[in-house]
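Spelled out, the chains give:
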Amino acid sequence: MEDKITRWENPPSLPPTHYVDNRIFTDSEIFSEERDGIFAATWKLVCHESELPQPGSYRALTLAGRPLIVVRGHDNEIRTFFNICPHRGAPLVRDERGTFGKRIQCFYHLWTYDLVGNCTGITRPVGYEPVGFSKEGIGLRPVRTEIIGGLVFVSIQNEVEPLEDFLGTMVDHIRLHLPDDQPLEVFHYHRSEIRCNWKLWVDNNSEQYHEFLHVLNRKTGLAQPDYHERRWHLYPNSHNVIDQGAMNYGNVGLEERSEGLMPGMQPDALLVMLLFPDIMINVRATVMRIDTITPVAPDRTIVEWRGLGLKSDSREQREIRTRHHNQVWGPAGRNLPEDISAVEAQQISMSNDAFRYSIYAREEELRPHDDSNLRSFYQEWGRRVGRWPHDAGARRSEKTELGVVGIASE
Ligand code: FES
Ligand SMILES: [Fe+2]
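In this text the structure is predicted, and so the values were computed from the model without any measurement. (Residues numbered from 1 in each chain as written. Chains lettered and ligands numbered in written order. Predicted model: local features only at pLDDT ≥ 70, side-chain atom pairs only at ≥ 80, totals over all residues. Heavy atoms only, no water.)

With antiparallel pairing, the 7 strands of this open sheet are ordered in space as E2-E11-E10-E5-E4-E3-E6. Looking at strand neighbours, the two that pair on one side only are strand E2 (44-48) and strand E6 (97-99), the edges of this open sheet. On average, adjacent strands in this sheet sit at an angle of 30° to one another, irrespective of strand direction. (Pairing = 2+ DSSP bridges. Helix = DSSP H or I, 4+ residues; strand = E, 2+ residues; numbered from the N terminus. Axes fitted to C-alpha atoms, helices over the stretch in contact; angles between N-to-C directions.)

Dropping the structure here:
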């Protein structure tokens, strides 16, 4: 019996890249390091441009603790600012979304700003004249904003590399499935706070191995003779994509998906694209789903789910897409509740050191059930956070790569 207990307490007999120390899912110090090393340091997808439909449309969000607003200007440009008034720090908006008129007005002392971020009015300016202070030169704090395939990304890190460089080859995949000449549109949005670490949701989105969990996937995908013929493609910065594979929707009594195909998709096909750190773009033949994440606490995560169709859809076509989306991915669809219950149950097991190591050891030459893309994610995580995922108590030595010797223990 002692042997069996020791096995639970010690790392598994695997290369260090092939398992993680579960404290990375529960430790609050590591959670802060992730915020600074990942979410405050790279690009974050905040919405699709169709969610800012007209001049003045805005969305408010929090990125790595910083309150931001994304606004479409009267020149149609989309810009991002801190959602903070430069006078004394009141938030400029308190709704999650809405539409400005010509101006943004702070509710506290009623200073005003245009949609480019310049201060346009200070109430009773005469009081500032003795000190030579005026609205000229005052403005909202701008935030880097770039758009690819209609996806609006922001970064609070001024020196961040250009979005195209960060995404690399994934830009081609994004442009294929979200082409500028066939614009997409968000028709479904919901969000929920789920009781797990954000990385468990990333894992769930990233792996195909857990398709065994879903009756729907067992019957539509796993049962296909060529299921294991597809391959993952891994790129720098831990972005990855898997080849399209055909599903047999008829096996579960669902209609075929051979008409009204989404850009770049084949009939009845499914593919998944993953962008570091938190984005999943999941495309079935007739509908796209995009997930993004906001970590709240080590065991609390807000997930936003979007369903997209083509902007040019007829009403009838949109109804079909909505049905196809909701059958699997809606809040009451078949897969989503199953996924959420799985990750929330994992988190419970990981609390209080009850379960110390998780295994990411599948090697199938980049076939669907290979864990390579998960290993790539945790290596990238380690590089950015400065810890070894397999030993959460150890800091990375600056000059070594993950999985190689040279761990600098604290
Ligand atoms: S804090 Fe905004 S006008 Fe004073
Ligand atoms: Fe799933």
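Picking up after the structure, the text goes on.
Turning next to the confidence of the model for the protein chain. When the pLDDT values of the protein chain are averaged, the result is 93; 96% of them are 70 or greater. Counting interchain partners and residues more than four positions distant, the pLDDT-below-50 stretch residues 402-410 has 25 contacts. (pLDDT = per-residue confidence, 0-100. Contact = heavy atoms within 4.5 Å.)

Bound to the iron ion (ligand 2) on the protein side are His210 (NE2), His214 (NE2), Asp339 (OD) and Asp339 (OD), at distances that span 2.1 to 2.5 Å. One can describe the donor arrangement at the iron ion (ligand 2) as irregular, given that its 4 donor atoms subtend angles of 56 to 136° at the metal. Mapped onto the polypeptide sequence, the residues donating to the iron ion (ligand 2) form the spacing pattern H-x3-H-x124-D. Pair noted here: His210 is in the loop between helix H5 (198-206) and helix H6 (215-222) and Asp339 is in helix H8 (residues 335-350), with a separation of 129 residues, a long-range link. (Donors = N, O, S within 2.8 Å, 3.2 Å for Na, K, Ca; no water. Tetrahedral: all angles 85-135°; square planar, octahedral: opposite > 155°, others 65-115°.)

Tallied over the entire structure, the rule returns 30 salt bridges. For Arg315, the salt bridge identified is with Glu319, shortest N-O distance 3.8 Å. Linking Arg315 with Glu319, this pair stays in helix H7 (residues 315-328), spanning 4 residues, or about one helical turn. Given a relative accessible area of 70%, Arg315 falls into the exposed group. Given a relative accessible area of 46%, Glu319 falls into the partly exposed group. (Salt bridge = Lys/Arg side-chain N within 4 Å of Asp/Glu carboxyl O. Buried < 20%, exposed > 50% of the residue type's maximum accessible area, 1.4 Å probe, protein only.)

With that settled, consider H5. Note that an α-helix has 3.6 residues per turn; residues three or four places apart therefore point the same way. Among the 9 residues in H5, 9 count as buried, and that is most of the element. Within H5, burial applies to Trp198, Lys199, Leu200, Trp201, Val202, Asp203, Asn204, Asn205 and Ser206.

With that settled, the discussion passes to the side chain of Asp371. Looking at the element boundaries, Asp371 is found in the loop between strand E20 (357-359) and helix H9 (372-385). Look at Asp371: it is buried, it has no salt bridge, and the nearest opposite charge is Arg375 at 4.7 Å. (Lys, Arg positive; Asp, Glu negative; His and termini not counted.)

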